[in-house]
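# Structural description and commentary
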Amino acid sequence: LQSLDVANNQLRELPAALADCPRLKEANFRGNQLRDKRLEKMVNGCQTKAILDYLRAGGRGKGKGESAREEVRKKKREKQQKKDSGDGEQDEVEEASKLLVKVLHVSENPAPLVVKVSPGVKDVRAFIVCCVLKGVNLKPGNALKRFLSMQTKLHEDICEKRTAATIATHDLQLVKAPLTYDVRPPDELKIMPLGRKEIKAKDLLRQLQLEAEEQRKQKKRQNVSGLHKYLQLLDGKDNYPCLVDAEGAVISFPPITNSEKTKIRKETRDLFLEVTSDTSLQICKDVMDTLILKIAELNRSALENKEGSGSDMESDALCGPGNLNLPLVVEQVRVVDTDGNLKVLYPSKTDLATVSSLLTVIR
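Let me begin by describing the structure that accompanies this report. This structure is a prediction, so every number in the text was calculated from the model and none was measured.

## Side note on the overall build of the protein
Helix and strand counts for the protein stand at seven helices and 16 strands. The buried share of the protein, taken over its 363 residues, is 47%. Sequence separation of 24 or more characterises 69% of the internal contacts of the protein that already satisfy a separation of 6 or more. In the form shown here, the protein has an accessible surface area of approximately 18700 Å², with 49% of it arising from carbon and sulfur atoms.

What follows is the structure, given as structure tokens:
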């Protein structure tokens, strides 16, 4: 989309997703009675880029403060990505040594996975990006432990302690599609959290708060660890976000936990990946790009260790010297609204560009 003219209509707001149209240079929104009066002034006197920057920062009156925070976040993400890709040395690395990822397009997939988004998430945690990753090997040595540690590190770094985004990873074989990204009141949302029995969200949060208080007393300090750090992210919300499977079970409750029902184990080969945010769609995509890169790195490391140990648990084709660089397959997942209109497709042609110095993407 390069040019958009919706002047003199009855629009009350502009969707934040417009900010993720990289080629949009000309846009005319004049003559609409927008709820956000600041935005209304901007459309009458500012360039398209300024309007899109405002939408990207959250809009709806969040103003300069939020825009500045978004800028800080952007710089932090860029710094992290630079750190991951070295000091430019990767430019000289041969293509053969790069990690490979093959994209399976929706049109090529006989049974593509779809996530339907309910309107209610807009005011709670609006953005979600998903994909399927096939061909992961978590069996060798401590591969699973390293996989879980990698997620924790990403939550601390690029996800900014889950304030910018939250990752959830699931065993695809245990995910019952189609999926719905929805909201539910705290006393109606039930989940079986990782390592716990089924519980209502409000009771889980109360339980975690009590545990946090107990932890503070025992360690005699202010800081808390684990899930307890993220409780304040849901303060003041009447509804909580959740990802629900075809059987009505909640498999993810961001930013707190996902479900024991879809828990990843050593035997897991195919993953369903999910990133959510209440900040922006672009943050979800940046985090997903980095997550796929990190899984590809772990996968190669696991295969190399497997080859070195002389294990014959898997076929020779999987771990032979010439096959250490077999591509992981990323299947596109469509996120649609309740009418079936496309909201997000990941990975699109422009996705995975942030990690292109370390990753070769076969599209």
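## Topic: the pairing of strand β5 (residues 127-134)
Within β5, seven of the eight residues are buried, which leaves it mostly tucked inside the rest of the structure. In this sheet, strand β13 (residues 270-277) lies alongside β5 in antiparallel orientation, the contact comprising eight bridges. Within β13, the residue paired with V129 across the bridge is V275. Sheet topology places β5 next to strand β14 (residues 328-336); four bridges connect them, and they run antiparallel. Of the residues in β14, the one forming a bridge with L133 is V330.

## Considerations on the environment of R265
Within the secondary structure, R265 is located in the loop between β12 (257-258) and β13. What makes R265 partly exposed here is its relative accessible area of 36%. Each C-alpha atom of the pair R265 and L144 lies 7.3 Å from the other, and the pair is 121 residues apart in sequence. Discounting chain neighbours no more than four positions away, the residues touching R265 are L138, L144, L174 and E260. Polar side-chain contacts of R265 include one of 2.9 Å to the backbone oxygen of K263.

## Thoughts on the packing of helix α1 (residues 37-45) against helix α2 (residues 48-56)
Look at α1 against α2: their axes get within 9 Å of each other, and the N-to-C directions meet at 160°. Judged by the inter-axis angle, α1 sits roughly antiparallel to α2. Of the two possible hands of crossing, α1 and α2 adopt the one that is left-handed. On α2, the residues that touch R38, L39, M42 and V43 of α1 are A50, I51, Y54 and L55. Grouping the constituent residues of the contact of α1 with α2 by class yields seven nonpolar, no polar and one charged.

## Overview of the packing of aromatic side chains
Inspection of every chain in the model, using the stated rule, returns one aromatic pair. A ring pair is formed by Y240 and F253, whose centres lie 5.5 Å apart and whose planes are at 25°; its orientation type is stacked. Separated by 13 residues along the polypeptide, Y240 in strand β10 (residues 240-244) and F253 in strand β11 (residues 250-253) bring together distant segments of the chain. Taking the relative accessible area as the measure of exposure, F253 reaches 0% and is therefore buried.

## Description of α1
For an α-helix, the turn length of 3.6 residues means that residues three or four places apart are oriented alike. Taken as a whole, α1 has its buried residues at L39, E40, M42 and V43. Along the axis of α1, the buried residues cluster in a sector spanning 160°; they form a single face. Opposite its buried face, α1 presents the exposed residues K41 and G45, each directed more than 90 degrees away. The N-cap residue of α1 is D36: its side-chain oxygen and the backbone nitrogen of R38 are 3.1 Å apart.

## Thoughts on the pairing of strand β3 (residues 99-104)
Only one face of β3 is buried: it carries L99, V101 and V103, and the other face, with L100, K102 and L104, is open. In this structure, β3 lies alongside strand β16 (residues 359-362), joined through four bridges in parallel fashion. By the bridge assignment, V101 is partnered in β16 with V361. Bridge analysis of β3 against β14 gives four bridges, and the strand direction is parallel. Note that in β14 the partner of K102 across the bridge is V329.

The rules behind the values
Position numbers for residues start from 1 in each chain and track the written sequence from start to end. At least 70 in pLDDT is required for a residue's local features to be given in this predicted model, at least 80 for side-chain atom pairs to be given and counted, and no such filter applies to totals for whole chains, interfaces and linings, which use all residues. The side-chain quantities take in all heavy atoms of the structure and omit both hydrogens and water. Helix and strand assignments come from DSSP, with helices taken as H or I runs of at least 4 residues and strands as E runs of at least 2, each series counted from the N terminus. Remark: exposure states derive from per-residue accessible area (1.4 Å probe, protein chains only) relative to the maximum for the residue type, with buried under 20%, exposed over 50%, and partly exposed in between. In this description, contact between two residues means that some pair of their heavy atoms is separated by no more than 4.5 Å. For every accessible area listed, the method is Shrake-Rupley and the probe measures 1.4 Å; residues are considered covered only by the protein chains on display. Think of it this way: DSSP has to see at least two bridges between two strands before they count as a pair. Counting of polar contacts relies on pairs of N or O atoms within 3.5 Å, with two restrictions inside protein: one atom must be capable of donating a hydrogen and the other of accepting it, and residues adjacent in sequence are counted only when both atoms are side-chain atoms. Here an angle of 0 to 180 degrees is reported between the N-to-C directions of two axes, which are lines fitted to C-alpha atoms, with helices fitted over the stretch in contact. Roughly parallel here means an angle under 35 degrees, roughly antiparallel means over 145, roughly perpendicular means 65 to 115, and every remaining angle is called oblique. By definition, any crossing whose near helix is turned counterclockwise from its far helix by less than a right angle is left-handed, and any crossing with a clockwise turn is right-handed. Here the nonpolar group is Ala, Val, Leu, Ile, Met, Phe, Trp, Tyr, Cys and Pro; Asp, Glu, Lys and Arg are the charged ones; every other residue, Gly included, is treated as polar. Within 6.5 Å between ring centres, the rings of Phe, Tyr and Trp (the latter by its six-membered ring) count as paired, and their orientation is classed by plane angle as stacked under 30 degrees, edge-to-face over 60, tilted in between. Summarising the geometry, the arc corresponds to the directions from the helix axis toward the C-beta atoms.

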